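What follows is the residue order along each chain.
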Amino acid sequence: MIDGINLPLILGAAFLASASPGPATLTIAGTSMASGRRAGLALASGVTTGSLIWSIAAAFGLGAIMLANTWAFETIRYAGAAYLMWLAFKSARSAWYGAKLQAPELTRTTPARAYAKGLALHLTNPKAVLFFGALYSIGVPPGTDVSALITVIVAIGIQSFVMFHAYALIFSSAPMTAAYTRMKRGFETVFALAFGAGSLSILTARFG
């Protein structure tokens, strides 16, 4: 406990959110298998940065301010849905062409582009806004000292960093890469369906 803050409970909730399958974990897995460890780790860093930004915003009340302004939240909502649909289209295209996409296509992603992709993915995720907003409003009492808030932010950031980068290391391993090479079409079909479902869930969900 830190000044009334149940840090283990907060970290447990953040762990479950990071561990559950979603656009971020799917993208890290797909990029790591298709483009290698370096790109996977870069993308994981982008996702971690996005997570850290929303965590800081929620800790200092910026998330609540944004949620109070419907237009800001709706902008992120539709941007996130559009981005996931774009990822679904790219995965569907890759699944459709199958073997016609040769190795150079799979290794074209640079670390900088992968990082930007991960950052964009998390910054346009309205569910991340809601999660961190609820996490801090429920788990952190009003008037909490700034040093305690920083401790919580750093702890969540470190945990997110470890988890997202662990995904990249696991899915860029030789067995996973070999499995992706053998079953590329199947993997990309699953990614396309998952991204498409994620986009539709954002568009149809009632967040209010």
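The model shown is predicted, which means the values in this text are computed figures rather than measured ones.

Digging into the overall build of the protein chain
1) Next: A count of helical and extended segments in the protein chain gives eleven helices and zero strands.
2) Next: Scanning the protein chain from its N terminus toward the C terminus, one meets helices and strands in the order α-α-α-α-α-α-α-α-α-α-α.
3) Next: Each of the 208 residues in the protein chain was classed as buried or not, and the buried ones make up 44%.
4) Next: Counting only contacts in the protein chain whose residues sit at least 6 apart along the sequence, the fraction spanning at least 24 positions is 86%.
5) Next: Surface accessibility of the protein chain: about 10700 Å² in total, with carbon and sulfur atoms responsible for 71%.

Thoughts on the pattern of salt bridges
1) Next: By the definition in use, this model includes one salt bridge.
2) Next: Residue Glu74 pairs with Arg77 through a salt bridge whose shortest N-O separation is 3.5 Å. Taken together, the positions of Glu74 and Arg77, both in helix H5 (residues 70-97) and three residues apart, correspond to about one turn of that helix.
3) Next: According to the relative accessible area criterion, Glu74 is partly exposed, its value standing at 21%.

Notes on a nonpolar patch on the surface
1) Next: Taken together, the side chains of Leu52, Ile56, Phe60, Leu62, Ile65, Val146, Ile150, Val154, Ile158, Phe161 and Val162 present a nonpolar region at the surface, about 980 Å² in accessible area.
2) Next: For the nonpolar patch, the secondary structure elements donating two or more residues are helix H3 (37-59), helix H4 (62-68) and helix H9 (146-171).
3) Next: The element that contributes the greatest number of residues to the nonpolar patch is H9, accounting for six residues.
4) Next: Tracing the backbone shows Phe161 in helix H9.

Section: the packing of helix H2 (residues 23-35) against helix H7 (residues 111-123)
Relative placement of two packed helices is described by the angle separating their axes and the distance separating the axes.
1) Next: At their nearest, the axes of H2 and H7 sit 10 Å apart, and the two run at 165° to each other. In terms of their interaxial angle, H2 and H7 are classed as roughly antiparallel. The handedness of the crossing between H2 and H7 comes out as right-handed. Mapping the contact onto sequence places Pro23, Ala24, Thr27 and Thr31 in H2 and Lys117, Leu121 and His122 in H7.

Examining the packing of aromatic side chains
1) Next: Counted according to the given criterion, the structure contains four aromatic pairs.
2) Next: Three or more aromatic residues joined by ring pairs make a cluster, and in this case those are Tyr180, Phe187 and Phe191.
3) Next: Here the guanidinium or amino end of Arg77 rests over the ring plane of Tyr78, the centre of that ring lying 5.9 Å away.

Quick notes on the side chain of Arg77
1) Next: Take Arg77: its relative accessible area is 9%, and that puts it in the buried class.
2) Next: Side-chain polar atoms of Arg77 contact the backbone oxygen of Leu203, separated by 2.8 Å.

So, H2
1) Next: Given a rise of 1.5 Å per residue, 13 residues ought to cover 18 Å, and the 17 Å separating the end C-alpha atoms of H2 matches this to within 8%.
2) Next: Taken across its 13 residues, H2 has eleven buried, putting it largely inside the fold.
3) Next: Buried within H2 we find Ala24, Thr25, Thr27, Ile28, Ala29, Gly30, Thr31, Ser32, Met33, Ala34 and Ser35.
4) Next: Positive phi appears at Gly36, one or two residues downstream of H2, with a value of about 100°.

Here we look at the confidence of the model for the protein chain
1) Next: Residues with a pLDDT of 70 or more make up 90% of the protein chain, whose mean pLDDT is 84.
2) Next: Long-range and interchain partners of residues 99-107, a stretch whose pLDDT sits below 50, account for nine contacts in this model, where long-range means more than four residues apart.

Here we look at the packing of helix H1 (residues 7-19) against H9
1) Next: At their nearest, the axes of H1 and H9 sit 10 Å apart, and the two run at 30° to each other. Judged on the interaxial angle alone, H9 and H1 are roughly parallel. Classified by chirality, the crossing of H9 by H1 is right-handed. Every residue of H9 that contacts H1 at Leu7, Ile10, Leu11, Ala14, Phe15, Ser18 and Ala19 is listed here: Val152, Ala155, Ile156, Gln159, Ser160, Met163, Phe164 and Tyr167.
2) Next: Class assignment for the residues of the contact of H1 with H9 results in twelve nonpolar, three polar and no charged.

What counts, and at which threshold
- Along each chain, the written sequence defines residue order, and numbers are assigned to residues from 1.
- In keeping with the predicted nature of the model, local features appear solely for residues at pLDDT of at least 70, side-chain atom pairs appear and are counted solely at 80 or more, and the whole-chain, interface and lining totals rest on all residues.
- Processing note: side-chain calculations cover all non-hydrogen atoms of the structure and skip hydrogens and water entirely.
- Each helix is a run of H or I in the DSSP string that is no shorter than four residues. Each strand is a run of E no shorter than two, and both are numbered from the N terminus.
- Working definition: with a 1.4 Å probe on protein chains only, accessible area under 20% of the residue-type maximum means buried, over 50% means exposed, and in between means partly exposed.
- Only heavy atoms matter for contacts: two residues are in contact if any of them lie within 4.5 Å across the pair.
- Every accessible area reported is derived by Shrake-Rupley at a probe size of 1.4 Å, with residue values counting cover from the shown protein chains alone.
- Any Lys or Arg side-chain nitrogen found within 4 Å of a carboxyl oxygen on Asp or Glu counts as a salt bridge.
- Any residue with relative accessible area above 30% and no salt bridge may belong to a patch, with like charges joined within 9 Å and the nonpolar Val, Leu, Ile, Met, Phe, Trp and Tyr side chains within 5 Å.
- Every axis in this analysis is a line fitted to C-alpha atoms, fitted for helices over the stretch in contact. Angles between the N-to-C directions lie between 0 and 180 degrees.
- Each angle is binned into one of four classes, with values under 35 degrees roughly parallel, values over 145 roughly antiparallel, values of 65 to 115 roughly perpendicular, and all other values oblique.
- By convention the crossing between two helices is left-handed if the near helix lies anticlockwise of the far one by an angle smaller than a right angle, and right-handed if it lies clockwise.
- When the centres of two rings from Phe, Tyr and Trp lie within 6.5 Å, Trp using its six-membered ring, the rings pair. Their planes under 30 degrees apart give stacked, over 60 give edge-to-face, and anything left gives tilted.
- Whether a charge lies above a ring is judged from NZ of Lys or CZ of Arg, which has to be within 6 Å of the ring centre and within 35 degrees of the ring normal.
- We define a polar contact as two N or O atoms separated by no more than 3.5 Å, with the added condition that, inside protein, one atom must be a possible hydrogen donor and the other a possible acceptor, whereas residues neighbouring each other in sequence contribute only through side-chain atom pairs.
- Here the expected length of a helix is defined as 1.5 Å per residue gap, with one fewer gap than residues.
- For every residue, the predictor states its confidence as a pLDDT score lying anywhere from 0 to 100.
- Ten residues, namely Ala, Val, Leu, Ile, Met, Phe, Trp, Tyr, Cys and Pro, are considered nonpolar, four, namely Asp, Glu, Lys and Arg, are considered charged, and the remaining ones, Gly among them, are considered polar.

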